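Structure assessment
Listed here are the chains, written in short residue letters.
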Amino acid sequence: AKYEGKNRYRFFEKSMNEDLAQKMLLQNSLRNALERNEFVLYYQPEVDTFSKSIYGFEALIRWISPEHGFVSPLKFIHILEETGMIVEVGKWVFKNACEFARKINIDEANRIIVSINVSPIQLMHNDFVEDVKDIIASTEISPELIGFEITETALMESFAENIDKLYKLRALGVMIILDDFGTGYSSLNYLRKMPIDILKIDKSFVDDLNSEEGKPLAESIVALAHSIGLKVVAEGVETEDQFNILQKYKCDLIQGYLISKPVPQEETLKLF
Ligand code: C2E
Ligand code: CA
Ligand code: CA
Ligand code: CA
């Protein structure tokens, strides 16, 4: 390796410390965030590719901190996970999403699904299934209106145990969505053993639709999902071009900025 001078090393060290300091600041503020009502849920619609009607909404957490401003979940979810706080915050998310699902499901003939993201730490928690049951009971939501988004990587650790929990959840009537499909390590063999209803194609495959090499992959994922009886959602759809290709591949549902960014509950409620 080339000698790159002392300053470089110092610079690296300094930025590491800054990262750590920043993380600790966030961590401290996060401890009070829930009780201070600093979290809100935004909702992003998923529409039927063919009828263009709304199929459901994904709940996405937002943190508006008096100290740090608007903080992206990419910056704080992992801190909540490392500290275990995600368990309490996750329950809050689920409860609020259930209440929202009740509000938007005014017409029984037209079901709208609300899905929430579940962290591996939540899933692995001993009380997870019980907590879900309790919240379903207390909010009086029909479980058929709820979806749980779980990533492949979340399942891989203690696979058997997690699969068992998913079966229990599904027995309650909720839907299981495999999120970010294609980015993890799961083999087709695993896919067969997972109790899932919907497969969500990761945005990276949608981005690759712009290149010729990327197209066959997305097309194959849709066909694969259909062959085992799953619905497919494409996430992160931003252009008409991508939409048209996905429609050609018969991808069932579309989510992305092309349709709408995630928006606050009040704005979503105006649609109903
Ligand atoms: P995710 O579950 O893969 O969610 C999709 C992310 O892509 C969201 O980012 C969404 O706002 C963004 N997105 C949607 N459509 C487009 C698009 O067309 N273009 C682009 N560039 N982005 C798009 P967000 O809201 O910042 O969330 C990031 C991640 O944080 C989520 O990724 C999820 O893993 C996690 N997350 C968010 N809310 C929760 C939550 O309530 N609980 C847990 N455990 N994780 C959450
Ligand atoms: Ca998701
Ligand atoms: Ca996703
Ligand atoms: Ca993704």
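Note that this is a predicted model, so its numbers are computed, not measured. All residue numbers refer to positions counted from 1 along the written sequence of the respective chain. Here every chain gets a letter starting at A, and every ligand a number starting at 1, in the order they are written. Owing to the predicted nature of the model, reporting of local features is limited to residues with pLDDT of at least 70; listing and counting of side-chain atom pairs is limited to 80 or more, with chain, interface and lining totals taken over all residues. Computation of side-chain values: all heavy atoms of the structure, hydrogens and water removed.

1. Notes on the coordination of the calcium ion (ligand 4)
Put simply, the test is: Because water is not among the atoms used, a metal site may look incomplete, as its donors are only the N, O and S atoms within 2.8 Å, or 3.2 Å for Na, K and Ca. Each residue's exposure class comes from its accessible area (1.4 Å probe, protein chains only) as a fraction of the maximum for that residue type: buried when under 20%, exposed when over 50%, partly exposed otherwise.
Bound to the calcium ion (ligand 4) on the protein side are Asp180 (OD), Asp202 (OD) and Glu235 (OE), at distances that span 2.2 to 2.5 Å. Coordination of the calcium ion (ligand 4) draws on donor residues from a single chain, spaced D-x21-D-x32-E in sequence. Given a relative accessible area of 23%, Asp180 falls into the partly exposed group.

2. Quick look at the site of ligand 1
Here is the rule: For each residue, the test is whether any non-hydrogen atom lies within 4 Å of the molecule or strand; if one does, the residue is near. In the analysis that follows, any N or O atom pair within 3.5 Å is treated as a polar contact, provided that within protein one partner can donate a hydrogen and the other can accept it, and provided that, for residues neighboring in sequence, both atoms belong to side chains. The Shrake-Rupley method, run with a 1.4 Å probe sphere, supplies the accessible areas, and residue values consider only the shown protein chains as cover. Only DSSP runs of H or I covering at least 4 residues are called helices, and only runs of E covering at least 2 are called strands; the numbering of each starts at the N terminus. In the scheme used here, Gly and all other residues not listed as nonpolar or charged are polar, with Ala, Val, Leu, Ile, Met, Phe, Trp, Tyr, Cys and Pro taken as nonpolar and Asp, Glu, Lys and Arg as charged.
Neighbouring ligand 1 are 22 residues; Gln44, Arg62, Asn117, Glu238 and Tyr257 lie closest to it. Residue Asn117 places a side-chain N or O atom 3.0 Å away from an oxygen atom belonging to ligand 1. One of the side-chain N or O atoms of Asp180 is found 3.3 Å from an oxygen atom in ligand 1. If ligand 1 stood free it would expose 800 Å²; the protein chains cover 81% of that surface. Looking at the shell around ligand 1, the elements with two or more residues in it are strand 2 (54–65), helix 2 (73–83) and strand 6 (175–181). Counting residues per element, the shell around ligand 1 draws most heavily on strand 2, at 4 residues. Per-class residue counts for the shell around ligand 1 are 9 nonpolar, 6 polar and 7 charged.

3. Side note on the packing of helix 3 (residues 86–104) against helix 5 (residues 128–139)
Stated precisely, the cut-off is as follows: Axis angles are defined between N-to-C directions and span 0 to 180 degrees, where every axis is a line fitted to C-alpha atoms and, for a helix, only to the segment in contact. Should the near helix be turned anticlockwise from the far one by less than a right angle, the crossing is termed left-handed; should it be turned clockwise, right-handed. Residue contacts are defined here by distance: any two heavy atoms, one from each residue, within 4.5 Å place the two residues in contact.
Two numbers describe how helix 3 lies on helix 5: the axes approach to 10 Å, and their chain directions differ by 35 degrees. Regarding helix 3 and helix 5, the two cross each other, and that crossing is right-handed. In this structure, helix 3 uses Lys91, Phe94, Lys95, Cys98, Glu99 and Arg102 to contact helix 5, whose residues at the interface are Asp131, Val132, Ile135, Ile136 and Thr139. Of the residues in the contact of helix 3 with helix 5, the class split is 5 nonpolar, 1 polar and 5 charged.

4. Focus on the pairing of strand 5 (residues 146–151)
Where a strand is regular, its side chains alternate between the two sheet faces. Quick note on the threshold: Two strands make a pair as long as DSSP finds a minimum of two bridges between them.
In terms of residue burial, strand 5 counts as a mostly covered element, since 5 of its 6 residues are buried. Of the pairings in the sheet, the one linking strand 4 (residues 113–117) to strand 5 comprises 4 bridges and is parallel in character. Within strand 5, the residue paired with Ser115 across the bridge is Gly147.

5. Side note on the side chain of Arg62
Going by this rule: For the charge count, each Lys or Arg is scored as positive and each Asp or Glu as negative, with His and the chain ends excluded. By definition, a salt bridge exists where a carboxyl oxygen of Asp or Glu is found within 4 Å of a side-chain nitrogen of Lys or Arg.
The topology assignment puts Arg62 in strand 2. With no salt bridge to any partner, buried Arg62 finds its closest opposite charge in Glu58, at an N-O distance of 8.7 Å. If we ignore the near neighbours within four places in the chain, the residues touching Arg62 are Glu38, Phe39, Val40, Tyr42, Phe70, Pro73, Phe76 and Pro262.

6. Thoughts on the coordination of the calcium ion (ligand 3)
Protein coordination at the calcium ion (ligand 3) comes from Asp179 (OD), Asp180 (OD), Glu235 (OE) and Glu235 (OE), with a distance range of 2.1 to 3.2 Å. In the primary structure, the donors to the calcium ion (ligand 3) are separated according to the pattern D-D-x54-E. The two metals, the calcium ion (ligand 3) and the calcium ion (ligand 2), are separated by 3.5 Å and share Asp179 as a common coordinating residue.

7. What to know about the nonpolar core
We apply this condition: Here, nonpolar core refers to any group of buried Ala, Val, Leu, Ile, Met, Phe, Trp, Tyr and Cys residues whose side-chain atoms link them within 4.5 Å.
Counting residues in hydrophobic clusters, the biggest one holds 73 residues, and the most contacted among them are Phe39, Phe94 and Phe148. Contacts of Phe94, omitting those with residues within four sequence positions, involve Ile116, Val132, Ile135, Ile136, Ile146 and Phe148.

8. Notes on helix 7 (residues 159–172)
Note the following rule: What a helix should span is 1.5 Å times the count of its residues minus one. Here, the arc refers to the directions that run from the helix axis to the C-beta atoms.
Between its first and last C-alpha, helix 7 extends 20 Å over 14 residues, near the 20 Å set by a 1.5 Å rise per residue. Among the residues of helix 7, those classed as buried are Phe159, Asn162, Ile163, Lys165, Leu166 and Leu169. Around the axis of helix 7, the buried residues are gathered within 160 degrees of arc, so they sit on the same side. Along helix 7, exposed side chains directed more than 90 degrees from the buried face belong to Ala160 and Ala171. Against helix 4 (120–124), helix 5, strand 5, helix 6 (152–156), strand 6 and helix 8 (188–193) lie the buried residues of helix 7. Positive backbone phi, at 115 degrees, marks Gly173, one or two positions downstream of helix 7.

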